Each structure stands twice: as structure tokens, then as C-alpha cells.
Amino acid sequence: MTISSTTPRSGAGGTIAADPGPRAPQARRKRGDGLPALAFLSPSIVTFLVFVAAPTAGVLYLSFYDWNLLSDGTFVGLDNFDRLVHDERLLGVYGSTTYMALVILAVNVVLGLLLAVLLEARMPRWLRAFFRLSFLFPFVVSASAVALIWRFLLNKDLGLVNYLLGLVGVDRIDWLGSSAWAPISVIIVNSWKTIGFSILVYIAGLQSIPAQLKEAAVVDGANAWTRFWRITFPMLSPTIFFLVVINTINSFQIFAEPRVLTQGGPGDASRTIVEYLYDRAFGDFELGYASAIGITFTLVLIVLTAIQFRLSRRWTFYE
């Protein structure tokens with residue numbers, strides 16, 4: 001048997017130091033992993049810097065200036081943010097945006113869950129695939145194209161929707177020209193387009209629930225509602241939380257549907273924050289004020305998301 005040892009050597013001051021021997025290959029590999037890792041991460045880092053960090057810094061910089069795209073900008077300090085406080089129209093737009101966003105959120109989260117549960121019920125495989133495809137197809141189509149199609153369908157005089165309602169004795173509805181119905185039109189079109197994504201995510205969540213839990217509940221005599229409330233909902237709560245966060249952000253940022261359907265009208269009844277920001281920037285050429293709107297709107301979404309994460313601790317359960 002061979003015994004390996006390190007040879008002592010004399011150090012400074014007469015002290016004896018042991019030779020640590022060759023460094024372990026594993027330690028060298030760990031120190032050498034940094035460069036390859038950075039190379040793999042570089043596309044994401046460059047994308048973030050170019051398309052997120054730089055535009056954000058540019059918008060923050062412009063929010064302190066009065067600039068119309070043509071002349072040199074004038075530094076105005078916090079005047080653009082002070083103007084936000086006194087802009088009564090902006091407050092109304094926030095109100096209309098919140099109304100439409102909350103209804104769209106409820107439709108996607110609640111109705112999406114109901115449809116997903118129905119699609120997971122027993123039915124022929126081909127029929128289930130047909131329904132899944134029919135719900136998902138609008139999601140992959142351009143929002144502008146969807147809104148343009150619905151603009152013809154919701155036309156007061158020539159639209160198919162009013163024609164079908166007339167067959168059952170309902171008077172024609174001014175879907176796009178009424179301050180009461182215009183926001184509802186935007187809600188219907190956006191929900192019709194986006195609900196397929198929620199259904200798809202719900203189906204993935206439902207399929208991840210262990211079958212033995214449901215089978216055990218059936219053996220114990222639990223009815224369908226008890227199985228849903230005691231097993232399905234707790235196991236599905238992380239999926240519901242994910243969809244609440246994603247749909248909240250997306251519904252507050254809708255732009256194409258109100259722009260194509262109603263141009264934000266009548267008045268500001270169906271105007272959204274993103275549309276109002278666009279009008280200020282490229283309609284009135286007030287890029288500084290539009291940047292201030294964008295900064296504050298981003299902060300609002302961050303606060304809403306933080307609140308949702310905080311409240312989720314009470315009802316979200318993880319395995």
C-alpha cells in the first residue's frame with residue numbers, strides 16, 4: 001500500500017509550511033464556469049439592456065423635459081408630474097381603464113376556469129380538441145385584426161350581432177357609439193381574444209392534479225362541488241394566482257381594441273391609459289408629459305402586482 005503525503009518546506013522566518021499539492025480539478029472547473037455562463041446569458045443580458053433598461057432610462061429622462069420631437073427639449077423639472085395631479089381628464093381615463101380591466105380580469109379568471117373544467121369533462125377526444133382549438137385560435141390572431149372584424153359585427157345598422165338580436169325582438173344597440181355600450185364592446189372583444197390563453201393554462205393546471213386524490217374523494221362519497229372546492233381549487237390556486245397577475249397587467253394595457261373599435265370614444269368612455277399616452281405623445285407631440293404618464297402608470301402596475309403577491313399568501317397553496 002502506497003501512502004502519499006505532502007513534503008514540508010521552509011517558509012519565511014524559519015516556519016515550516018506544508019505544500020498543499022496540486023489544486024483540485026473541481027475547484028478549477030468552478031472558477032472556469034463563469035465565462036461560459038456569461039456567454040450563454042449574454043443574449044438575454046443584451047436584449048434586456050437594449051429593449052428594457054435603455055428605453056426605461058430614456059423615458060425617465062424625457063419625463064423631466066418639454067419636447068415635441070421637432071425642437072430642442074426644454075428642462076422643466078417636475079412640472080410634467082405636477083400636471084398629472086391636475087389633469088382631470090387623466091383621472092377619468094384611469095376610471096374607464098380600471099372598469100374595463102377589472103371586468104376583463106373577472107371574465108378570464110372565472111369564466112376561463114369554468115370553461116376549462118367543462119373541457120376536461122368526459123367527451124370524445126376529437127370534440128375536446130376542436131373546442132380547445134376554437135378557444136385558442138383568437139389568441140394567436142392579431143388584436144387589430146380581431147378588433148376590425150368585430151367592428152363590422154357590432155355595427156349598429158349592418159352588424160350581424162344586432163341582426164341576430166333583432167330576430168328575438170331586441171332593439172338595435174349602438175355598441176360603438178354609446179358611452180354605456182362602448183366599454184362593454186371593448187370588454188367583449190378583448191375577452192373573446194384572450195380567454196383562450198387562460199383556458200389553456202387552466203387545463204395544464206387541471207392535468208397536473210394527481211388523479212388518486214380525486215379517486216379517494218369519490219370513494220369517500222364527496223360530491224362534485226366538494227371535490228372541486230376541497231381538492232381542485234387548492235391544487236389549482238398557484239395557476240389561478242399566475243393568471244390573476246398576468247391578466248391584470250395585460251388588461252390594464254389594452255390598446256388595439258379600443259383604438260380600432262371606438263377610438264376611445266364617445267368622449268373618453270372607452271379610452272385606456274395606453275391610448276391616452278399615445279395621443280399625448282404622437283397626437284399632441286407632448287413626449288415629456290407622455291413619458292411622465294408612462295412612468296406613473298408603470299409604478300401603478302408594480303404596486304398592484306406587489307399587493308397581489310402579498311394577498312396571495314392567504315389563499316395560494318403549494319405542494
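Everything quoted here is computed from the prediction, not taken from an experiment.

The rules we used
- Residues numbered from 1 in each chain as written.
- Predicted model: local features only at pLDDT ≥ 70, side-chain atom pairs only at ≥ 80, totals over all residues.
- Heavy atoms only, no water.
- Salt bridge = Lys/Arg side-chain N within 4 Å of Asp/Glu carboxyl O.
- Buried < 20%, exposed > 50% of the residue type's maximum accessible area, 1.4 Å probe, protein only.
- Core = buried A, V, L, I, M, F, W, Y, C linked by side-chain atoms within 4.5 Å.
- Helix = DSSP H or I, 4+ residues; strand = E, 2+ residues; numbered from the N terminus.
- Contact = heavy atoms within 4.5 Å.
- Phe/Tyr/Trp six-rings, centres within 6.5 Å; stacked < 30°, edge-to-face > 60°.
- Lys NZ or Arg CZ within 6 Å of the ring centre and 35° of its normal.
- Lys, Arg positive; Asp, Glu negative; His and termini not counted.
- Polar contact = N/O pair within 3.5 Å; in protein donor to acceptor, adjacent residues only side chain to side chain.

Draft legend 1. Representation of the pattern of salt bridges. Per the counting criterion, the structure on display carries ten salt bridges. Of the charged contacts, one joins Arg280 and Glu286 as a salt bridge, the two residues approaching to 4.0 Å between their closest N and O atoms. Among the residues examined, Arg280 registers a relative accessible area of 9% and is labelled buried. A relative accessible area of 23% places Glu286 in the partly exposed class. One connected set of salt bridges, linked through shared partners, spans Arg89, Arg259, Asp268, Arg271, Glu275 and Asp279.

Draft legend 2. Main features of the nonpolar core. Core analysis: the largest hydrophobic core is formed by 19 residues, its most contacted members being Val109, Ala116, Ile199, Tyr202, Leu236 and Ile240. Those elements that place two or more of their residues in this core are helix 4 (88–119), helix 8 (181–207) and helix 10 (224–252). The residues touching Val109, leaving out its near neighbours within four places in the chain, are Tyr202, Ile240, Leu243, Val244 and Asn247. Membership of the second largest hydrophobic core comes to 15 residues, among which are Val146, Leu154, Ile173 and Leu176.

Draft legend 3. Representation of the packing of aromatic side chains within the structure. Within the structure shown, the criterion is met by 15 aromatic pairs. Both rings, one in Phe139 and one in Phe197, keep their centres 5.3 Å apart while their planes meet at 20°; by these two values the pair is stacked. Taken together, the positions of Phe139 in helix 5 (residues 125–140) and Phe197 in helix 8 put the pair 58 residues apart, joining distant regions of the chain. A centroid spacing of 5.9 Å and a plane angle of 10° characterise the contact between Trp225 and Trp229, whose relative ring orientation is stacked. Of this pair, Trp225 and Trp229 both sit in helix 10, four residues apart, which is roughly one turn of that helix. Members of the aromatic cluster, joined through ring pairs, are Trp225, Phe228, Trp229 and Phe233. The ring of Tyr289 has Arg83 lying over it, and the distance from NZ or CZ to the ring centre is 3.9 Å.

Draft legend 4. Examining helix 12 (residues 273–282) more closely. The set of residues buried in helix 12 consists of Ile273, Glu275, Tyr276, Asp279, Arg280 and Ala281. Summarising the contacts, the buried residues of helix 12 are in contact with helix 4, helix 11 (256–261) and helix 13 (287–312).

Draft legend 5. The side chain of Glu257, seen in detail. Within the fold, Glu257 resides in helix 11. No salt bridge is formed by the buried Glu257, whose closest oppositely charged neighbour, Lys193, lies at an N-O distance of 6.1 Å. Of note is the side chain of Glu257, whose polar atom sits 3.1 Å from the side chain of Asn190. Setting aside residues no more than four positions away along its own chain, Glu257 makes contact with Ala143, Ala147, Val186, Val189, Asn190, Lys193 and Thr262.

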